[in-house]
Amino acid sequence: MKEAIDTSPSRRQVLRLAAMVTACAVAAKAPNAAEPLKGKTSNSYVPTDGVSTFESVWQTVRDRFYDPRHNGLDWLAVRERYLPDVQRATSQHSLARVINTMLSELHASHTRFYTPDEPEYYQLADIFVGALRRRGLQRAFPDGRISYPGIGIISGFEATGRNTITGVIDGTPAQQAGLRAGDEIIAADGTAFEPG
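Residues numbered from 1 in each chain as written. Predicted model: local features only at pLDDT ≥ 70, side-chain atom pairs only at ≥ 80, totals over all residues. Heavy atoms only, no water.

Draft legend 1. Representation of the overall build of the protein. Looking only at helices and strands, one finds eight helices and four strands in the protein. Going residue by residue from the N terminus, the α and β elements of the protein occur as α-α-α-α-α-α-α-β-β-α-β-β. Burial status across the protein gives 40% buried among its 196 residues. Within the protein, contacts between residues at least 6 apart in sequence are counted, and of these 54% link residues at least 24 apart. Surface exposure of the protein reaches about 11,800 Å², of which carbon and sulfur atoms provide 51%. (Helix = DSSP H or I, 4+ residues; strand = E, 2+ residues; numbered from the N terminus. Buried < 20%, exposed > 50% of the residue type's maximum accessible area, 1.4 Å probe, protein only. Contact = heavy atoms within 4.5 Å. Areas by Shrake-Rupley, 256 points an atom, 1.4 Å probe, with all protein chains shown as cover.)

Draft legend 2. How the structure looks around the pairing of strand β1 (residues 153-157). Direction of pairing for β1 relative to strand β2 (residues 163-168): antiparallel, over a ladder of five bridges. When the bridges of β2 are listed, I154 appears paired with G167. The antiparallel hairpin formed by β1 and β2 contains five residues in its connecting segment, where G161 sits at a positive phi of about 90°. (Pairing = 2+ DSSP bridges.)

Draft legend 3. Spotlight on helix α2 (residues 47-64). End to end, α2 covers 26 Å across 18 residues, agreeing with the expected 26 Å (1.5 Å per residue, within 8%). When α2 is considered as a whole, its buried residues turn out to be G50, T53, F54, E55, V57, W58, T60 and V61. (Expected span 1.5 Å × (residues − 1).)

Draft legend 4. Spotlight on the pattern of salt bridges. Under the defined criterion, the tally for this structure stands at six salt bridges. Measuring nitrogen to oxygen at the nearest pair gives 3.1 Å for the salt bridge that ties E184 to R162. One end of the pair, E184, is in the loop between α8 (173-176) and β3 (187-188); the other, R162, is in the loop between β1 and β2, with 22 residues separating them in the sequence. The network of salt bridges with shared partners includes E55, R79 and E80. (Salt bridge = Lys/Arg side-chain N within 4 Å of Asp/Glu carboxyl O.)

Rendered as structure tokens:
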């Protein structure tokens with residue numbers, strides 16, 4: 001009788017990798033809590049920061065992925081294949097798309113790069129605050145506390161030109177006011193909403 005060997009990652013290994021990738025994302029580039037979130041068209045993207053972020057994520061996976069064989073991938077070749085796309089990235093959003101495409105090749109659930117434009121970025125930072133304190137929490141959140149910008153919504157424009165809420169962060173004024181994903185923003189404090 002042959003004995004089956006379970007090669008799937010343990011819950012602890014998955015959580016540790018998720019913490020490491022989250023740490024890379026938070027330490028790499030986070031908005032100042034006093035500033036509003038920048039949209040996907042922000043001009044604040046610096047390409048050299050994008051390459052540095054990519055390298056940090058790639059190295060974290062190289063050094064800490066639960067399977068040292070990276071599920072059969074030549075991880076160095078993967079880096080070389082995606083680096084030109086990273087160098088062409090023009091925004092945090094396009095950088096994240098390249099990094100997440102690279103990470104998807106691992107076929108490992110819960111392995112993703114989040115940006116400050118996503119509620120999960122703050123939720124994971126909150127969950128892994130202990131690990132982040134040792135890995136650069138102060139760079140992302142200068143007061144040492146995970147703080148959500150604004151009232152706690154993530155929004156974006158639909159093709160129709162409507163500004164729609166795409167995410168509401170738990171425990172924020174937006175959630176307490178009953179705002180939900182899919183709500184359209186038409187006024188703020190009784191004044192017609194016109195995004196800047």
